[in-house]
Every structure is written in C-alpha cells, then in structure tokens.
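Below are the chains, spelled out letter by letter.
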Amino acid sequence: MRLYVAVPVCRDIKAGAVSSLAALTHPLTAPGLNGKPLEALSLKIMQGVSLLPRGRQMALDDAILNGFTHILMIDDDMVYTPEVIDLMASRNLDFVACNYQRKLENGGWIAMGKDGCYINSDSGQGVEEAAWVGLGLVIVKTEPLLKVSKPHFEVRWIPEKQDYLGEDMFFCHKVREAGIKIHIDHDASRLVQHVGDFNYGFRM
C-alpha cells in the first residue's frame with residue numbers, strides 16, 4: 001500500500017487531533033498497517049486552507065499524481081487511536097469511513113443509510129454500506145476515483161431544499177454514481193471522537 005495522509009486545516013487545529021496524529025506516525029512508519037510495511041507514506045498537514053473543498057481536492061490530486069494507492073483524509077477536529085486506521089484498512093474496501101458523532105448538544109451519528117435514515121453505530125459490528133458519510137476520517141482507494149470527474153468536492157446550493165449541499169455529501173453522491181460503494185466501519189466508529197466546543201450553563 002502507498003498511503004497519502006491528508007489533514008486539511010482551515011482553523012486552529014484541536015490539541016487532541018495533534019496528539020492523535022502524533023501517535024499515528026510511529027506505527028505507520030514502523031510496522032505499517034496490519035503489520036505490513038507501507039511501500040510509501042506521505043503526511044500532509046495542509047495549513048491555511050481557507051476553502052475545505054479546495055484543500056480536499058488538492059490532496060486528492062496530489063495523491064493520484066504521485067501514484068499513491070490510498071488516501072486517508074483526517075479532519076483537524078478528530079480524535080482517534082492508531083488501531084482505528086488499522087481496522088479501516090483491514091476491510092480492504094474501496095471507501096471506508098468512520099461514523100462519528102455530530103457536534104450537537106444531543107449528539108447523533110453522522111452517516112446516512114440508503115434508506116434515508118441515520119445509521120446507528122452504538123452496537124453495530126463490522127462494516128455497513130451507506131449512502132452518505134462525513135469525511136472526518138475516511139480511507140479511499142485512489143484507482144476507482146479515476147473514473148470520477150472533477151470537481152470531486154463542491155459546496156452547492158439546492159433551491160428545492162433552500163439549503164447547501166456540503167462537499168462531503170457532494171463527493172459521496174459522485175462516487176456512488178460511478179458505482180463505488182461507501183461503507184462505514186462500526187467497530188472503528190466507536191473509537192473516535194469529534195471535538196467541538198461545549199457551553200456550560202444552567203441547563204446542565
């Protein structure tokens with residue numbers, strides 16, 4: 001495996017995310033993934049990315065141009081252990097993502113199933129096909145993406161919904177149109193945290 005790790009940073013990176021990334025670098029450079037050495041490894045912390053879709057596109061273009069077989073995208077607000085990446089890579093699927101919690105007061109899993117309902121990873125095991133996932137922690141094979149036209153990431157206004165379609169949903173829609181299946185890893189999902197700000201007050 002030739003692995004390209006991309007961390008687009010469009011704000012102040014969370015301390016927990018830095019710690020997670022630091023803990024990941026040693027296993028990737030020593031035993032590799034699932035005990036197998038990597039043929040090549042590139043780690044790009046992309047500071048000052050003002051537009052997240054542009055940062056994601058730049059990383060994917062660079063990975064494909066330089067012959068990397070997989071791209072691991074990690075957002076700057078994700079906390080995880082190295083075992084999470086091992087788990088996801090061991091599935092050997094085209095597209096595997098973590099189903100992490102949304103940054104809302106009552107939480108809630110972020111991935112959506114093909115039935116239009118959010119997927120619950122509280123007790124799920126193994127992998128499950130999804131229609132849409134967040135791109136906070138995802139590993140994708142680059143070869144299948146060669147049949148997906150650019151742009152891969154775009155924020156688009158949807159008039160009938162009077163709302164924006166995020167770059168993650170846009171990407172998922174395009175890869176599914178190309179016949180690439182999207183999977184979430186339930187086991188890995190329970191090992192990650194989505195870091196946000198919490199306002200403490202009377203309601204607690």
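Every value quoted in this text rests on a predicted model; they were computed, and no experiment measured them.

1. Here's the deal with helix 2 (residues 52-65)
For an α-helix, the turn length of 3.6 residues means that residues three or four places apart are oriented alike.
Move 1: The terminal C-alpha atoms of helix 2, which comprises 14 residues, lie 20 Å apart, in line with the 20 Å expected from a rise of 1.5 Å per residue.
Move 2: Looking at helix 2, one finds that the buried residues are Pro53, Gly55, Arg56, Gln57, Ala59, Leu60 and Ala63.
Move 3: Where helix 2 terminates, the next one or two residues include Gly67, which has phi positive at roughly 75°.

2. Here we look at the packing of aromatic side chains
Move 1: In the structure shown here, the tally under the stated rule is 4 aromatic pairs.
Move 2: Taking the centre distance of 5.4 Å and the plane angle of 80° together, the rings of Tyr4 and Phe68 count as edge-to-face. Separated by 64 residues along the polypeptide, Tyr4 in strand 1 (residues 2-8) and Phe68 in the loop between helix 2 and strand 3 (70-74) bring together distant segments of the chain.
Move 3: Classification of Tyr4 by relative accessible area gives buried; the value is 3%.
Move 4: Site record: aromatic cluster; members linked through ring pairs are Phe95, Phe153 and Phe171.

3. As for the pattern of salt bridges
Move 1: Going through the model one piece at a time under the given rule, you end up with 12 salt bridges.
Move 2: Asp75 is paired through a salt bridge with Arg56; the nearest N and O atoms lie 3.0 Å apart. Taken together, the positions of Asp75 in the loop between strand 3 and strand 4 (78-79) and Arg56 in helix 2 put the pair 19 residues apart, joining distant regions of the chain.
Move 3: Looking at Asp75, the relative accessible area reads 12%, which means it is buried.
Move 4: Taking relative accessible area as the criterion, Arg56 reaches 2% and is therefore assigned buried.
Move 5: With a closest N to O distance of 2.9 Å, Arg91 and Asp187 form a salt bridge. Taken together, the residues Arg91 in the loop between helix 3 (82-90) and strand 5 (95-97) and Asp187 in helix 5 (residues 186-189) connect sequence positions 96 residues apart.
Move 6: Connected through shared salt-bridge partners, Arg11, Asp76, Asp77 and Lys103 make up one network.

4. Notes on the side chain of Asp75
Move 1: Within polar-contact distance, the side chain of Asp75 engages the side chain of Arg56 at 3.0 Å.
Move 2: When sequence neighbours within four positions are dropped, the list of residues in contact with Asp75 reads Pro8, Arg56, Leu135 and Gly136.

5. Looking at unusual backbone geometry
Move 1: A cis amide bond links Lys150 to the next residue, Pro151, at an omega of 5°.
Move 2: Along the chain, the position of Pro151 falls in the loop between strand 7 (137-141) and strand 8 (156-158).
Move 3: In this model, Asn34 sits at a positive phi of 55°, which is unusual for a non-glycine residue.
Move 4: Tracing the backbone shows Asn34 in the loop between helix 1 (15-29) and strand 2 (40-46).
Move 5: For Asn92, which is not glycine, the phi torsion reads 55° and is therefore positive.
Move 6: Note that Asn92 resides in the loop between helix 3 and strand 5.

Criteria and thresholds
- Residues numbered from 1 in each chain as written.
- Predicted model: local features only at pLDDT ≥ 70, side-chain atom pairs only at ≥ 80, totals over all residues.
- Heavy atoms only, no water.
- Helix = DSSP H or I, 4+ residues; strand = E, 2+ residues; numbered from the N terminus.
- Expected span 1.5 Å × (residues − 1).
- Buried < 20%, exposed > 50% of the residue type's maximum accessible area, 1.4 Å probe, protein only.
- Phe/Tyr/Trp six-rings, centres within 6.5 Å; stacked < 30°, edge-to-face > 60°.
- Salt bridge = Lys/Arg side-chain N within 4 Å of Asp/Glu carboxyl O.
- Polar contact = N/O pair within 3.5 Å; in protein donor to acceptor, adjacent residues only side chain to side chain.
- Contact = heavy atoms within 4.5 Å.

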